[in-house]
Amino acid sequence: MTAWLSLATFGFALIIIPVAYVSGVAACAYYAEDHHGKHEMLHPWRTKKPD
């Protein structure tokens, strides 16, 4: 898609499309919920807290 758009935009799409994609991925990673340390299988040395 970027190669096709680069013909129509004189190469401007070669910068805009990848920057928009990387920005979108970065925004999703930034706003994603943090699950660090919440999975027992990844942290077997922790003792389970009684409820």
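Higher on the page you've got the structure.
First, a word on scope: everything that follows refers to the structure included in this document. (Residues numbered from 1 in each chain as written. Predicted model: local features only at pLDDT ≥ 70, side-chain atom pairs only at ≥ 80, totals over all residues. Heavy atoms only, no water.)

1. Regarding the packing of aromatic side chains
Inclusion rule: Paired rings are identified among Phe, Tyr and Trp, the last through its six-membered ring, by centres lying within 6.5 Å, and are further divided according to the angle between planes into stacked (under 30 degrees), edge-to-face (over 60) and tilted (the rest). A 1.4 Å probe rolled over the protein chains alone gives each residue an accessible area, and that area as a share of the maximum for its type sets the label: buried under 20%, exposed over 50%, partly exposed in between.
Inspection of the entire model under this criterion finds 1 aromatic pair. Note on Tyr30 and Tyr31: the rings are 5.0 Å apart at their centroids and 85° apart in plane angle, and the pair reads as edge-to-face. When sorted by exposure, Tyr30 lands in the same class as Tyr31, which is exposed.

2. Observations concerning the environment of Ala3
Quick note on the threshold: Counting from the N terminus, the helices are the DSSP runs of H or I reaching at least four residues and the strands are the DSSP runs of E reaching at least two.
As for its placement among the helices and strands, Ala3 is situated in helix H1 (residues 2-8). In this structure, the C-alpha to C-alpha distance between Ala3 and Leu14, residues 11 residues apart in sequence, is 7.2 Å.

Any functional reading would require information beyond the geometric quantities listed.
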